[in-house]
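Structural overview for review
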Amino acid sequence: MYLRLALFSLILSAPAWAADKPAVSADCTFGGHRLYGKIQVVDTFPDVKIKVVDAFPDLKVKKVDNFPDACGKWQMVQTFPDTKVKFVDAFPDVKIQYVDAFPGKP
């Protein structure tokens, strides 16, 4: 009886300890890597693995040509990146949604 009660309470509390910290920190970083600035897409050794979603993103991203100096503003580059990303379909570090206005944390 007590074992069942303990298992039941563990199952009910699972979401609380499973999602203990957000993917994007308050200073718009993940694992110490900035999620704004000059971004390079790579196939190997990424700083952050990204999945593009249509709803419920961790970060809203706007592609810009100049001044990527705020959270969610990405200037895509081929050399000298601030952060290297790899786009994946499964097990991402951060989920993003491309937007035309109001980038940043939702």
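The notes below deal with the structure included here. Note that this is a predicted model, so its numbers are computed, not measured.

Our next topic: the pairing of strand β4 (residues 48-52). Bridge count between β4 and strand β7 (residues 83-87): 3 bridges; the pairing is parallel. The partner of V48 across the bridge, within β7, is V85.

With that settled, the discussion passes to unusual backbone geometry. Its identity as a non-glycine residue notwithstanding, F91 has a phi of 55°, on the positive side. Here F91 shows up in the loop between β7 and β8 (94-98). A positive phi angle, near 60°, is found at F102, a position not held by glycine. Within the secondary structure, F102 is located in the segment after β8. Relative accessible area serves as the criterion here: at 75%, F102 is assigned to the exposed category.

Counting residues in each nonpolar core, the largest one holds 12 residues, listed as V24, C28, L35, I39, V48, I50, L59, V61, W74, V85, V94 and I96. Put simply, the parts of the chain that give this core at least two residues each are β4, β5 (59-63) and β8. For I50, the contacting residues outside a window of four places in its chain are W74, V85, K86, F87, V88, P92, V94 and I96.

Moving on to the state of the cysteines. Inspection of every chain in the model, using the stated rule, returns 1 disulfide. Each disulfide pairs two cysteine sulfurs, and for C28 the partner residue is C71, the sulfurs being separated by 2.1 Å. When the S-S torsion is 75°, as for the bridge of C28 with C71, the disulfide is right-handed. Of this pair, C28 sits in the loop between α1 (2-18) and β1 (29-30) while C71 sits in the loop between β5 and β6 (73-76), and the two are 43 residues apart along the sequence. For C71, a relative accessible area of 22% corresponds to the partly exposed category.

Our next topic: the pairing of β7. Note that strand β3 (residues 37-41) and β7 share 3 bridges and pair parallel. Within β7, the position partnered with V41 by the bridge is V85.

Turning to the side chain of Q75, a few remarks are in order. Tracing the sequence through the fold places Q75 in strand β6. Since its relative accessible area comes to 18%, Q75 is described here as buried. Apart from residues no more than four positions distant in its own chain, Q75 is found in contact with G37, K38, I39, V64, D65 and P68.

Analysis parameters
- Residues numbered from 1 in each chain as written.
- Predicted model: local features only at pLDDT ≥ 70, side-chain atom pairs only at ≥ 80, totals over all residues.
- Heavy atoms only, no water.
- Pairing = 2+ DSSP bridges.
- Helix = DSSP H or I, 4+ residues; strand = E, 2+ residues; numbered from the N terminus.
- Buried < 20%, exposed > 50% of the residue type's maximum accessible area, 1.4 Å probe, protein only.
- Core = buried A, V, L, I, M, F, W, Y, C linked by side-chain atoms within 4.5 Å.
- Contact = heavy atoms within 4.5 Å.
- Disulfide = S-S within 2.5 Å.

Keep in mind that these numbers describe shape and distance, not what the molecule does.
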